[in-house]
Amino acid sequence: MSRKRNLERKTNPEIKSLIKELYQKSYSEKVGVWKDIARRLEKPLKNWPGINVSKIEKHLNKEEIALIPGKVLGQGQISKKAVVSAQSFSQQAKKKITEAGGKCLSIKELMSDNPKGKGIRILG
């Protein structure tokens, strides 16, 4: 199935817009991470990952930014000052990340803050 056809099936205009921006940023900055995330977001919502904060704690190294092409959930504990970017966050996950001294960003915010995609680890 072509990329254009996948995008036509999306009904949420915000997601459609984000996917287009990700592809544009990927081509303008010559960075593959944005194209990868766009392709993942084109898939059906049921295929988007749900990542618990405990997985972020376990797999994120110092100075890395976690990028989740889905939802961050609040199961488990996190003690790292992690910068986490995701399509969405549960309230509990957002609270745990910020209480540990970390930051929660939307994918759009991360894309504008870090256009070259340096130090990003995709989880999910």
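Residues numbered from 1 in each chain as written. Predicted model: local features only at pLDDT ≥ 70, side-chain atom pairs only at ≥ 80, totals over all residues. Heavy atoms only, no water.

Draft legend 1. Representation of the overall build of the protein chain within the structure. Within the protein chain, the secondary structure is distributed over six helices and five strands. Mapped in sequence order, the helices and strands of the protein chain form the string α-α-α-β-α-β-β-α-β-α-β. Relative to the 2.2 N^0.38 estimate, which gives 14 Å for 124 residues, the radius of gyration of the protein chain is 14 Å and therefore close to what a compact globule would have. Projected onto its principal axes, the C-alpha coordinates of the protein chain cover approximately 40 × 30 × 20 Å. The buried share of the protein chain, reckoned over its 124 residues, is 40%. Considering only contacts within the protein chain whose residues lie at least 6 apart along the sequence, 42% involve residues at least 24 apart. Side-chain charges of the protein chain comprise 28 positive and 12 negative groups, with the mean position of each set lying 5 Å from the other. (Helix = DSSP H or I, 4+ residues; strand = E, 2+ residues; numbered from the N terminus. Rg over C-alpha atoms; globule rule 2.2 N^0.38 Å. Buried < 20%, exposed > 50% of the residue type's maximum accessible area, 1.4 Å probe, protein only. Contact = heavy atoms within 4.5 Å. Lys, Arg positive; Asp, Glu negative; His and termini not counted. Charge placed at Lys NZ, Arg CZ, Asp CG, Glu CD.)

Draft legend 2. Structural view of unusual backbone geometry. Backbone geometry places Lys30, a non-glycine residue, at a positive phi of 55 degrees. You will see that Glu63, though not glycine, has its phi angle at about 75 degrees, which is positive.

Draft legend 3. Structural detail: helix 5 (residues 91-99). Three or more residues of helix 5 are buried, namely Ala93, Lys96 and Ile97. Within helix 5, the buried residues cover an arc of 95 degrees as seen down the axis, which keeps them to one side. Away from its buried face, by an angle of more than 90 degrees, helix 5 presents the exposed residues Gln91, Lys95 and Glu99. On its buried side, helix 5 packs onto helix 4 (53-59), strand 2 (65-73), strand 3 (83-89) and strand 4 (103-106). Backbone geometry just downstream of helix 5 places Gly101 in the positive-phi region, at approximately 95 degrees. (Arc of directions from axis to C-beta.)

Draft legend 4. Summary view of the nonpolar core. Counting residues in each nonpolar core, the largest one holds 19 residues, and the members touching the most others are Leu22, Trp34, Leu41, Leu67, Ile107, Leu110 and Ile120. For this core, the secondary structure elements donating two or more residues are helix 2 (13-29), helix 3 (32-42), strand 2 and helix 6 (107-113). In this structure, Ile107 is in contact with Leu18, Leu22, Ile37, Leu41, Leu67, Ile68, Ser85, Ala86 and Gln87, ignoring residues within four places of it in sequence. Of all hydrophobic cores here, the second largest spans 17 residues; its members include Ile56, Ile68, Ala100 and Leu123. (Core = buried A, V, L, I, M, F, W, Y, C linked by side-chain atoms within 4.5 Å.)

Draft legend 5. Focus on the pattern of salt bridges. Enumeration according to the criterion identifies four salt bridges in this entry. Ionic pairing is found between Arg40 and Asp36, a salt bridge with its closest N-O pair at 2.5 Å. Placement of the pair is Arg40 and Asp36 together in helix 3, with a separation of four residues, close to one helical turn. Where Glu64 meets Arg121, a salt bridge forms, and the shortest distance between an N and an O atom there is 3.2 Å. You can see Glu64 sitting in the loop between helix 4 and strand 2 and its partner Arg121 sitting in strand 5 (residues 120-122), a full 57 residues away along the chain. (Salt bridge = Lys/Arg side-chain N within 4 Å of Asp/Glu carboxyl O.)

Draft legend 6. Region of interest: the environment of Leu105. Along the chain, the position of Leu105 falls in strand 4. Separated by 17 residues in the primary sequence, Leu105 and Ser88 have C-alpha atoms spaced 9.0 Å apart.

Draft legend 7. Here's a closer look at the pairing of strand 3. Bridge analysis of strand 2 against strand 3 gives six bridges, and the strand direction is parallel. What sits directly across from Leu67, in strand 3, is Ser85. One ladder, built from four bridges, connects strand 3 with strand 4; its direction is parallel. The residue of strand 4 that forms the bridge with Val84 is Cys104. Regarding the hand of the β-α-β motif, the stretch spanning strand 3, helix 5 and strand 4 is right-handed. (Pairing = 2+ DSSP bridges. Right-handed = clockwise from strand over helix to strand, strands pointing away.)

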